[in-house]
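Structural overview
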Amino acid sequence: MARVTPQTHGDILSAAARRFAVTGYKGTSLQDIAREVGCSKAAVLYHFANKEALLAELMAKPLDVLRQLDEQLAGLDGADAQTAAAEGFVDLAVRFRREIALLRGEFPDLLAQPAFAHVQRISERLIDALTGHTDRVAARIAALVLLAGIPEACAEFVDVPDEELRRALLAIARRVLAPLDPPPPPAPSVNH
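Since the structure is predicted, the reported quantities are computational estimates derived from the model, not experimental observations.

Calculation notes
Residues numbered from 1 in each chain as written. Predicted model: local features only at pLDDT ≥ 70, side-chain atom pairs only at ≥ 80, totals over all residues. Heavy atoms only, no water. Salt bridge = Lys/Arg side-chain N within 4 Å of Asp/Glu carboxyl O. Helix = DSSP H or I, 4+ residues; strand = E, 2+ residues; numbered from the N terminus. Buried < 20%, exposed > 50% of the residue type's maximum accessible area, 1.4 Å probe, protein only. Phe/Tyr/Trp six-rings, centres within 6.5 Å; stacked < 30°, edge-to-face > 60°. Lys NZ or Arg CZ within 6 Å of the ring centre and 35° of its normal.

1. Here we look at the pattern of salt bridges
Taken as a whole and assessed by the stated rule, the structure comprises nine salt bridges. Residue Asp70 is joined to Arg125 by a salt bridge in which the shortest nitrogen-to-oxygen separation is 2.6 Å. One end of the pair, Asp70, is in helix H5 (residues 60-73); the other, Arg125, is in helix H9 (residues 117-130), and 55 residues separate them in sequence. The exposure class assigned to Asp70 is buried, which follows from its relative accessible area of 15%. The closest approach of N and O atoms between Asp162 and Arg97, which form a salt bridge, is 2.3 Å. Taken together, the residues Asp162 in helix H11 (residues 162-177) and Arg97 in helix H7 (residues 97-102) connect sequence positions 65 residues apart. Of the residues examined, Asp162 reaches a relative accessible area of 44% and is grouped as partly exposed.

Right, here's the structure in full:
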């Protein structure tokens, strides 16, 4: 079989995305990517220093949007932080659901890589914003469920129209996060 030189840097990125989607990041080698493109492993290495560099470039835009959301949330408190965090994270997850699907089930391993170390810190701040900056255990559990569940739903429902998925996810987020404070105890009954 004759080898062809990749036309662009983008050919390699597209092939990597397809391979990661099929066999996962850990299950994909540079040789697999080269085979998918129809070139040599050396040609892939000409464009990318290693597999981690490929992943970093594939995830650059979603991570930049996550960083922007983190900056936006920095000055917000209470319900404002909660609403902005839920809406911002849902928007990010819906917009980049194909990228999220590539990494399904591999986030813990990826967070250990130096290129993604900041994502763990941003995730912790996002959880804090989703709680409305409260330390209530139930609020933190709800925030963590949303942080894990929203990307999972986006990866699962890649063919659902964006606006339909966004509406459904925001409705779920509102139900999970509300009320911020526990309901007041019932008033004592008066017997006449």
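2. Some thoughts on the environment of Arg18
Tracing the sequence through the fold places Arg18 in helix H1 (residues 9-23). Of the residues examined, Arg18 reaches a relative accessible area of 42% and is grouped as partly exposed. Linking Arg18 and Ile33, residues 15 residues apart in sequence, is a C-alpha distance of 8.7 Å.

3. Observations regarding the packing of aromatic side chains
In this structure the tally under the stated criterion is one aromatic pair. Positioned over the ring face of Tyr25 is Lys51, at 4.4 Å from the centre of the ring.

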